[in-house]
Structures are given as C-alpha cells and as structure tokens.
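# Descriptive analysis of the structure
What follows is the residue order along each chain.
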Amino acid sequence: MNQTEIINLFTKKTLGLTFVLSAAAMAFAQDKVGVSGSVVNKSNQPVPYASVTFSNKANKLLSDATLTDEKGQYKLDLAPGNYDITIEAIDYKKSLVNKEITAAGSIGALSIEPETSATNVKTQDIQGVTITVQATKPYKVELDKKTYDPSQDIVSKGGNLQDVLTNVPSVSVDTDGTVSMRGSSNVKFLINGKPSALLGIDDGANALQSIPADQIEKIEVITNPSSKFEASGTSGILNIILKKNKKVGFNGNITGTLGYFPRTALNANLSWRKNKWTWFLNGGGGYSENKSKNDTETTYHNITFPSIPANQIEQPKDIQQYQLQNSTNKSYNNNYNASAGFVYDISDKTSLNVSGVVRTFEGDTNETLNTYNEFYRYSMTAPQQWNFMQSYVERNSVGTNKNLAFQGDVGLDHKFDDKGQNLSLSLSLQRNRSNNNSNILETENSAFSLQDITSRKSINKTVVGKADYELPIGEKSKIEAGYRLDINSNDYDNTVTSTADNPFLPNYNNTTEYREIFNAFYLQFKSKVGKLGYQLGLRDELSNVKINYSNLNPQFEPINKTKNYNNLFPSIFLSYDLSKDNQILVNYSRRIDRPRAFFMVPFPNYTNSQNIFEGNIDLNPSYVDSYEVGYSISRKKFTVNPTLYYRHATDDTKMLVYRPDESESVFYTKPINLGNDDRYGLDLNFTYDPFSWLKIMGSLDLFGYKTTGIAYYTTKDVEGNDKIGSMDFTGDGFSTRARLNTTFKLDKTLSVQLQGFYRGAQKSANQNTQDMYALNLGASKTIWKGDGTIAFNIQDIFNTRSREVFSFNSDYTRRNYMQWQPRQFSISLTYRFKQGEKIEQPKRKKDINANDSGGDEQGGPM
C-alpha cells in the first residue's frame, strides 16, 4: 500500500467514525425540555462566559454543560430530573446548587461570588510534596517541573509545536529549529510520557512542525528529572501531552488555518464517552512552504607558497585565500497525522487503554548555493609562478523527503485498593521510515562541472515496555518501583553517485545497522514530615549498543562494534513550606547524554564536497550532575518562581571543525568527547495581572558558562607534510535569554497578545554567536456565543529572527548568517460543538509512564 492509499484510507475512516459517533450521540437523546437562566455576581451584574454544569444525580448520561453568553445568559435542553448545578468562572469562587427540573422554562439567576482569597488555587501532590499554584495562570510550578498551558497562547493558534515551544518558560527555539533549555540543546522529547514515532529518528524541525498546536493539551518542562524518569537528556525533558477529551457524549472541535508563507491546515479533535467506554479520534493535515537563507564567508590566513621544482609534472593543489557562499533553500511540505484509541473500564479497579498513531510527511526542496572563490594556482608553463585566480560556482540541489511513522500503545492499570496501591503495565510499538533523495547539478564559471545523485534511507523500530508499582505507607509516605525495557533498531542505507572523480564518495556509499537495548530499574521513597517533604531515588540503567558498518571504500575494513554501560543515577528532592503560598525547593540528579545514532555512523550523509560531516563510532556518553534551588511565591496579582541552578558535565560532546589538508578548502565536522562543561545561572519565571484587562507573563534566564578542552588532530600543510593542528574549546562567559508575553483584553470577546524574545550573545575560545531578538503579535476573538474562535497572528514582525556566528582558528576566520524561517502570518478559525460535562476519571488511567500528577492523558516517568 503506497502513501497516497494510506492517506485516503485514513480520510475515509475518519469521516466514517465521525458519522458513527454523531449518530450514536443522537441515539441516546431522550425527551428533553428547554431550560434557561443567567449567572450574576453579588452586585447582580451578569457574568459572561461562565461554565454552568448540570449533573443528573440519577443518570450521568443525562448530564450536560454550557457557557453563558456576553449577557450572562444561557439556554440548553435537559431531561427532567434532579441536578447538581456547578457554576465556574475566572476570578470567581466555584458555586454548587441543587435544583429539580420538571418542566421547560427559566430557573432564574444563579449567583457566584468573587474570589476573596489570594488566588484561585488548586493543589497537587507531586513527587510526595504538595505544591500550591494558581489555577488561572498559563503555567504552574511543581516540585520537579513546570507545566505550560498553550490554550492562552494566542500567537501560536493555528500553528504547530515549534510555534508553541517559542513561548514556553525555560525553553528557546533557535533559527534552525534547534530546541534548548537554559542554553543547552541536549533536550529529551517525549510524547505523552514516552519516545514517539511522531518525532522521527532525529527529532528535527520538520517533526516539530508536523504536530499541530491545536492537538497539544499541555507541555511539561522537566529541568531536573527524578530517578523515576529516563536518565537521557542532560538539559532536561520536554513532555508533550496531546489532547484526550473526558466529556460525556459526543464532543469535538475543528480548526482551519490559512497563512503566508503559504500555509493551510485543517485539524479535528473528536471524542465520545458512554458508560465504561471512552473513545477519541484526533487528526488533520496541512500544506506549508518556507524559505531559508544561509551565508558563509571564509578568509584564510598565514598563506605560504611552496617552492615547486622546475621538473615537476603533477599540477600542485590550489591555495585558497577567500570564499563567499550564499545559499537559498525553498521547501514545499505536506503532512498528515491521525490518532485514535479508547479506554475501557474492565471493573472499578482495572482499566485497559489502547491507542494508535500514524503520521506522514512529504517535502520537496530546491536549494541554490552560489560560491565565489579567490585562490592561487600554479602555472606549469612559463612563467612558472603562482597566479591569482577567481571562480564562480553555482550548485542547484532538488530533493525529496518522505516519512511515514506508525505507533501503537496498550496499557493495563490496576488499583489494588483505595489507598493508592497501584500497578501499571504498558507496551509501545513504533516504526518510522524515512527516504531522502537529492539531484545536484554544479556549474563552474557557467560551464558544467558535475552531477551528484544521493539517496538516504532509514528505518527505525522501537519497543518500549514498562511496569510501575506504587505502595503507600501511612498517609504521607510512599514507595515506588519500576522496570523499563527499550529496544531500538536503526538501519541506514546511503548511496551517492557522481560524474566527478570525488575521493570521498566510496565512504558515503554505506550501510549501517545500529542496535541498542536499555534495561532500567528504579526505586523511590517519598514522604513528608511537618513542612518538610523529601524524596530519595536511585535508578540503574544497563545499556548494550551494537554497530555494524561497511562502505565501498576498498581500503576500509567493516566495523563491528559493541559497547556496554552500567550506570547508577541517584536523585534527591526536598521542599519546605514557608507558608501557604511560599515554598523552597532543593534537588539533585545525575543524568546521561547518550550519543545519537546519527553521530556514531562514520559517514552518515553527503551534502557537498567542501563540508563533510564525519561521525565518530568511538563517541561515548557524557554525564551531568545537576543541582537546583528554587523558590515559589504566589499572591493575588502575581507569582514569582526563581531557580538557581548548576550543571557540571564530564566527557562533554563537542564539535571539532578542522581541515585535514590545508591546501584544500574542505572542512570536516566531527563530534568528540572532550573536557568539561559547567553552566550556572538564574531561571526566573513570573506572572503579573495588574488589571483585569492586562496579563503579563515573563521569563529570564541569566547563565554563565565555562568550557575546557583542546582538541588535537593531524593535518597536512600546503607542501604535503604532516603537522599537528589544534582547536581550543576553552572559554567562559555570561549570556541571557529573556521572554515577555503581554495580553490585553480589549473587551469580553477580544484579546490581543504581544510576545517578545531576546537571546544574548555568547562567546567561546573559537566562536562568537551574536545576540538576536524577535517580536510576535496575535489577536483572538470569541464568536458564535462561545462556540467559535477566530485568531490572527504575525510571527517575527520585524524579520529579525536569525543567527550570526563568527568562528576562528589559527589559519582561517569564518562568518555564518542563517535565517531558518522569515516573517509569517496566519488566520485560524475554531468551531466547538456539543460541549458535554467534564467528568474526572474514576481512577488514574496512566499512559506508558504516568506520574502522580496526571490523569490518563498525562505522561510520566521513564
């Protein structure tokens, strides 16, 4: 079955299930009567857009809910009976009344009181410590993570995961889609608490752009995970929680988006709940275009001209003096995704959850690379001398990228009693296939030079098995234990053909089999004594990695490499309640940065003959010890959450850039283990609501860094003699990341949001990265009596989101300018239908790794 057939099949299934669910919802309708009323405050003023929930005490299936309009009034149809009525609104206390509905008509005004306490708060027991946070804020701070709610992010509406991440506290997204936390890019991504085929093998920018913002429930930022979580990701974990509705009956919403650069998208979230069954179906797709720029300017120093014997026959190599490269890349992308599943309550204590995901991505690229060279060439005829030369090279690359990913998950949850003794079993099967092809034509001084044809194929297969057990001891203590098995298989098949006599090509015609197996065990104890909460944990991970690599280079011996690791990862979490809304949090954990499979393949892909990426099969993990001290204070109009942190990494992974032959303008980039990397700083997040019409959210990361290590390599000088070169990574400095989000509520239905981002300059011994800023604007209006929302946004108003880097070594300096995505704007329309009553699950339905704070939609420990 080809990809087009798969897409058509899922489209038909999606439409079919929608009709079935709609018909089923109508089938459960009973004789109902029209009920109306209003919601007012203590001054008898109407309260617009309040949530009014009618819970039928005899039959939950007859429950329903609605929103008041701009005049505080509502209407709905209900079956006669006795109802508990819950009224909720922002900045008001929750109110509960009981009424008997016997006939059609008005039930009068329901009164609701303003919130009189410091904040409208909710508490959650996370990692054994109760954290009190504001319920109406876009993010909340817990013991070992921040939870961000993108529903209040107007700028990202109609966008994708990458757009949402640009506004998440402690997270920054670079111009090329690279995601970092607190200045470090070693971030572990999870979907619903586990690695996912949705993100592909290499977690690239294309994967982030293929997940619609409308399907994201929340994002967990875990800067210092406990032993219960997978130890990978020295910067932390980003857990993307996708939507799973829990409302009675048939519910859903659909969002359409139009934008420029041309972008179209249509996404839907559907759910149906009855008795012991909960079904959900999410899906959509879209088309997008993009244009990126990349300019590189290189100047060579300490040029020497070797003496050439008069009787030499072989032409000496040219000596490069200067090079300027300008690249423009246009991409045209189609992506589709669908997820479906159900939760079935086998009994009051046991539940089964099953889900499946499919994602397709097709992209076409057209890149033009213009290169201007200044160099010296030796004349073999009289007069025999070095002559100054110039050349103009134009390189056109047309490429295709096709990706198809599947994922299936099954879980069984059992609650032994009502005291919190639980067992969770989970299994996830994933497969991702990616095919990349390029046809490259190159001309020099307007004459045909060469043609390269490349093909890169990869298949990733993953199995994740998990078992978690929780045993309460008394009212305030708990023991947690678990086991996890990861089996990952990556197969790479690369082919390159060329009309040129290129000595590098045999290395790039290769196959690689990469296998890794992880076995992990963890044990945690958590408790609370008075105002002091604590958690002690230990994780043991056993890793086995096998690499089989071969290529067409006749001088290259096939590689069969096996690596085994056994590491312990302790964690300590402490909290102390200074008062009701003030806490001090202290924690420590040890983490690991495992090399990506891509980095360990000796020659993973071919781009051009002047910039070569060389993998390192001997690359080893690096380790990080992470310490944090945090403080949380919450008041009626503001919250402040400062965190001091320090990270110490050993055997740090660094990128060595060198020339193996100084007579050629060929640069190699190779990952190596070298020296230490220390980072320390202040991560400050805050919210401030000075007025009812103005809300401010900001984050500030002030961090220092210190790196050590000098890499040595063998190169050849212009005369062909061996020499030792070096690259100094030693350096220290200070940098900043800042973000400010201001939302103006112009009236009851219209809001405007302005986002600003700043990334400070950063320096090391051999590289300077310039500072960067960007400004985004969004507006959102509620329409159709609360059932619809129309939103407009502009990303990067002043077109300033770019990166400029200066690199230097003893024999060259280089300037690089990159803009991954230019200014864009879009408009989106969302329609919501049949908003049923939101009901909590009778028990936690854990996903593969649910933690203590979540329901069945929540990701958790790894």
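Reading the values: the criteria
- Residues numbered from 1 in each chain as written.
- Predicted model: local features only at pLDDT ≥ 70, side-chain atom pairs only at ≥ 80, totals over all residues.
- Heavy atoms only, no water.
- Helix = DSSP H or I, 4+ residues; strand = E, 2+ residues; numbered from the N terminus.
- Buried < 20%, exposed > 50% of the residue type's maximum accessible area, 1.4 Å probe, protein only.
- Contact = heavy atoms within 4.5 Å.
- Areas by Shrake-Rupley, 256 points an atom, 1.4 Å probe, with all protein chains shown as cover.
- Pairing = 2+ DSSP bridges.
- Patch = residues over 30% accessible without salt bridge, like charges linked within 9 Å, V, L, I, M, F, W, Y side chains within 5 Å.
- Salt bridge = Lys/Arg side-chain N within 4 Å of Asp/Glu carboxyl O.
- Lys, Arg positive; Asp, Glu negative; His and termini not counted.
- Charge placed at Lys NZ, Arg CZ, Asp CG, Glu CD.
- Phe/Tyr/Trp six-rings, centres within 6.5 Å; stacked < 30°, edge-to-face > 60°.
- Lys NZ or Arg CZ within 6 Å of the ring centre and 35° of its normal.
- Axes fitted to C-alpha atoms, helices over the stretch in contact; angles between N-to-C directions.

## So, the overall build of the protein
Within the protein one finds five helices and 47 strands. The 862 residues of the protein split such that 55% are buried. For the protein, the share of sequence-separated contacts (at least 6 apart) that also reach a separation of at least 24 residues comes to 67%. For the protein, the exposed area adds up to about 37200 Å²; of that, 55% sits on carbon and sulfur atoms.

## Examining the pairing of strand S11 (residues 145-148)
On S11, burial covers both faces: Lys145 and Thr147 on one face and Lys146 and Tyr148 on the other are all buried. Two elements, S11 and strand S15 (residues 216-222), share three bridges in a ladder whose sense is antiparallel. Residue pairing across strands places lysine 146 opposite valine 221, the latter belonging to S15.

## Quick look at a nonpolar patch on the surface
A contiguous nonpolar patch, built from Ile254, Leu258, Tyr260, Leu266, Trp784, Ile790, Phe792, Phe825, Ile827, Leu829 and Tyr831 and spanning about 1000 Å² of accessible area, is present on the exposed surface. Of all the secondary structure elements, the ones that give two or more residues to the nonpolar patch are strand S17 (249-260), strand S44 (788-795) and strand S47 (824-833). Among the elements that make up the nonpolar patch, the one with the highest residue count is S47 (four residues). Among the secondary structure elements, tyrosine 831 is positioned in strand S47. Judged by its relative accessible area of 36%, tyrosine 831 is partly exposed.

## Structural notes on the pattern of salt bridges
A side chain with one charge can pair with a side chain of the opposite charge if their charged atoms come near. Scanning the model with the defined rule gives 23 salt bridges in all. Among the ionic pairs, arginine 659 bridges to aspartate 811, the shortest N-O distance being 2.7 Å. Residue arginine 659 is found in the loop between strand S33 (653-658) and strand S34 (667-673), and its partner aspartate 811 is found in the loop between strand S45 (803-808) and strand S46 (812-819); the two are separated by 152 residues along the sequence. Like aspartate 811, arginine 659 is buried. Between glutamate 804 and arginine 815 there is a salt bridge; the shortest N-O distance is 2.7 Å. Residue glutamate 804 is found in strand S45, and its partner arginine 815 is found in strand S46; the two are separated by eleven residues along the sequence. Overall, glutamate 804 belongs to the partly exposed group, its relative accessible area being 25%.

## As for a positive patch on the surface
A cluster of basic residues, Lys402, Arg431, Arg433 and Lys461, forms a positive patch on the protein surface. Within the secondary structure, lysine 461 sits in strand S24 (residues 447-473). Residue classification places lysine 461 among the partly exposed residues on the basis of a relative accessible area of 45%.

## Topic: the packing of aromatic side chains
Counted by the stated rule, this structure contains 29 aromatic pairs. Centre to centre, the rings of tryptophan 277 and phenylalanine 342 are 5.3 Å apart; their planes meet at 50 degrees, and the pair counts as tilted. With tryptophan 277 in strand S19 (residues 277-300) and phenylalanine 342 in strand S20 (residues 319-345), the pair connects residues that are 65 residues apart, well separated along the chain. Owing to a relative accessible area of 34%, tryptophan 277 belongs among the partly exposed residues under this scheme. An aromatic cluster of at least three residues, connected via ring pairs, comprises Phe305, Tyr376, Tyr378, Trp386 and Phe388. The ring of phenylalanine 599 carries the charged tip of arginine 596 above its face, separated from the ring centre by 5.5 Å.

## Considering the sheet that holds strand S7 (residues 105-111)
If you trace the three strands from one edge of the open sheet to the other, you get S4-S1-S7, paired in mixed fashion. Because the sheet does not close on itself, it has two edges, and the strands there are strand S4 (73-78) and S7. Averaged over all pairs of adjacent strands, the angle between strand axes in this sheet comes to 25 degrees, irrespective of strand direction. Relative to S7, strand S1 (residues 33-40) is paired through five bridges, and the arrangement is parallel. Bridge pairing in S7 links valine 39 to leucine 110.

## Topic: the environment of phenylalanine 305
Among the structural elements, phenylalanine 305 can be located in the loop between S19 and S20. Judged by its relative accessible area of 42%, phenylalanine 305 is partly exposed. Note: C-alpha distance between phenylalanine 305 and tryptophan 386 (81 residues apart in sequence) is 7.7 Å. Once you skip the residues sitting within four places of it in the chain, phenylalanine 305 turns out to touch Ile319, Tyr376 and Trp386.

Geometric values such as these leave the question of function open.
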